[in-house]
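# Commentary on secondary and tertiary structure
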Amino acid sequence: MSLTRAQLSTLAALVDDAATQRREITRLSAEHPTLTLEQAYLIQRESIQRRIKRGDALVGMKMGLTSLAKMKQMSVHSPIYGHLTRSMVAGDGDAIQASRFIHPRVEPEVAFILGAPLRGPVTPAQAMLAVRGVTAALEIIDSRYEKFKFTLPDVVADNASSTCYVLGSTILSPEALDLSNIGMVMEINGQPKQIGSSAAIYEHPARSLAALANMLAEVGEQLHEGQVILAGGATAAEAISAGDRVTLRTDGLGEVRFSLV
Ligand code: OOG
Ligand code: MG
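Everything in this summary refers to the structure shown in the same document. Every residue gets a number counted from 1 within its own chain, in the order that chain's sequence is written. Chains and ligands are labelled sequentially in the order written, the chains with letters from A and the ligands with numbers from 1. Predicted model: local features are reported for residues with pLDDT of at least 70 only, side-chain atom pairs are reported and counted for 80 or more only, and whole-chain, interface and lining totals are derived from all residues. To get the side-chain values, all heavy atoms of the structure are used, and hydrogens and water are removed first.

The terminal C-alpha atoms of helix H7 (residues 205–218) lie 20 Å apart, and with 14 residues this matches the ideal 20 Å at 1.5 Å per residue to within 8%. Exposure categories follow from relative accessible area, calculated using a 1.4 Å probe and restricted to protein chains: below 20% of the type maximum is buried, above 50% is exposed, and the middle band is partly exposed. A run of H or I in DSSP counts as a helix once it spans at least four residues, and a run of E counts as a strand once it spans at least two, with each numbered from the N terminus. Buried residues of H7: Pro205, Ala206, Ser208, Leu209, Ala210, Ala211, Leu212, Ala213 and Leu216, and no others. Following H7 by one or two positions, Gly220 has its phi on the positive side, about 75 degrees. The length a helix should cover is 1.5 Å for every residue beyond the first.

Below is the structure:
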C-alpha cells in the first residue's frame with residue numbers, strides 16, 4: 001500500500017527528531033517496505049524544511065555513495081544527494097563535541113564552492129564553470145538508523161546521514177587544478193587509516209557535481225551561487241569516538257583536520 005502525504009510528514013518528523021535528539025531509530029523500510037526513492041526524497045525535503053523553520057539555513061548540498069568503496073561498505077549501490085545546513089558546519093582544526101553524534105564515521109571528500117548558479121542538464125566540464133573554489137574536506141556522517149544499516153530509500157529519507165563537515169582552509173581556484181587523481185590520506189591519531197584518490201569519486205569529482213545538478217533538474221531544482229557541494233567520500237568511512245584526532249592530507253588540495261572531544 002502506498003504511503004499518504006500525512007504518513008510521509010510523520011516519517012519526516014521521526015527522522016528529524018532522531019537527528020536533533022541523537023537517538024537511533026529502526027530503519028523506515030522495516031515498517032514501510034514499499035517506501036519509494038521518490039517518497040524518501042519528499043521525507044528528506046520536509047525534514048530540511050523543519051530545520052529551516054527552527055532557524056537553520058541551507059548552505060549547500062552533498063553527493064553520497066559516489067565511490068565503489070562507499071557503495072560496498074554500505075551495500076547501497078546508487079549515488080544519492082542530501083542537504084547541508086549551517087548547523088552542520090565546523091571549522092578547520094575545531095574540537096567537535098562527540099555528544100553531537102550517535103555513532104559517527106569520518107570520510108575524505110572533495111568540496112566545491114559555487115561562484116555562479118548551476119542548473120542541469122550539464123556536462124562535467126559545464127558544471128566546473130560554475131565552481132569558484134575547490135578544497136579538501138572531511139565529512140562526519142551519522143546515520144540515525146540502528147547499527148548504521150539502511151536501504152537506499154532509508155538513507156535518502158535520513159538526508160544521506162549528513163551531520164557535520166569541515167572544509168580545508170586552502171581554497172584553490174579550479175583553473176589551476178587537475179582533479180582527476182588527487183591522492184588522499186586520512187589519518188586518525190597519526191595513523192594512516194584510509195588511502196585513496198579523487199578518481200574514486202564518480203571517476204572524477206566534476207562528474208559527481210554534474211550528476212547532482214542533473215538529478216536536481218529532474219525535480220525542477222538547481223544549485224545556487226555560494227553553495228558548498230561535497231562530491232562524496234573517496235574511501236570507506238572510519239568509525240571515530242571522543243579523543244580521536246583526524247587529519248586529511250592531500251596531494252594538491254591542502255589539508256584539513258578536526259578532533260572529536
Ligand atoms: C550515506 C552517506 C554517504 C558519501 O560520501 O558517500 C556519503 C552513508 O554512508 O551513511 O556521505
Ligand atoms: Mg560523504
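With that out of the way, let us pick up the coordination of the magnesium ion (ligand 2). Protein coordination at the magnesium ion (ligand 2): the donors are Glu107 (OE), Glu109 (OE) and Glu139 (OE), at 1.9 to 2.0 Å from the metal. Taken in chain order, the donor set of the magnesium ion (ligand 2) reads E-x1-E-x29-E. With Glu107 in strand E5 (residues 105–114) and Glu139 in strand E6 (residues 131–141), this residue pair connects regions lying 32 residues apart in the sequence. Under the relative-accessibility criterion, Glu107 is labelled buried at 3%. Any N, O or S atom lying within 2.8 Å of the metal counts as a donor, with the limit raised to 3.2 Å for Na, K and Ca; because water is left out of the atom set, some sites can appear incomplete.

This next bit is on the environment of Ala12. Summarising the element assignment, Ala12 is placed in helix H1 (residues 5–21). The exposure class assigned to Ala12 is buried, which follows from its relative accessible area of 0%. For the pair Ala12 and Ala40, spaced 28 residues apart in the sequence, the C-alpha separation amounts to 9.1 Å. Ala12 has contacts with Ile43, Glu46, Ser47 and Arg50, leaving out every residue within four places of it along the chain. The criterion used for residue contact is that any of the two residues' heavy atoms lie within 4.5 Å.

Once that is clear, we can look at the packing of aromatic side chains. In summary, the pairing rule links any two rings of Phe, Tyr or Trp, Trp by its six-membered ring, whose centres are within 6.5 Å, and it sorts them by plane angle into stacked for under 30 degrees, edge-to-face for over 60 and tilted for everything else. Scanning the model with the defined rule gives 2 aromatic pairs in all. We count a charge as sitting over a ring when the NZ of a lysine or the CZ of an arginine lies within 6 Å of the ring centre and within 35 degrees of the ring normal. Across from the ring centre of Phe148, 3.9 Å away, lies the NZ or CZ of Arg105, which sits over that ring.

We now examine the sheet that holds strand E12 (residues 245–250). Only strands that DSSP links by at least two bridges are regarded as paired with each other. Taking strand neighbours across the sheet as the criterion, the 5 strands line up as E4-E13-E12-E8-E9 in an open arrangement whose pairing is mixed. Each edge of the sheet is formed by a strand with only one pairing partner; in this case those strands are strand E4 (95–96) and strand E9 (191–197). Taken together, the 5 bridges between E12 and strand E13 (residues 255–260) define a ladder with antiparallel strand orientation. Each residue of the ladder has a partner; that of Arg249, found in E13, is Glu255.

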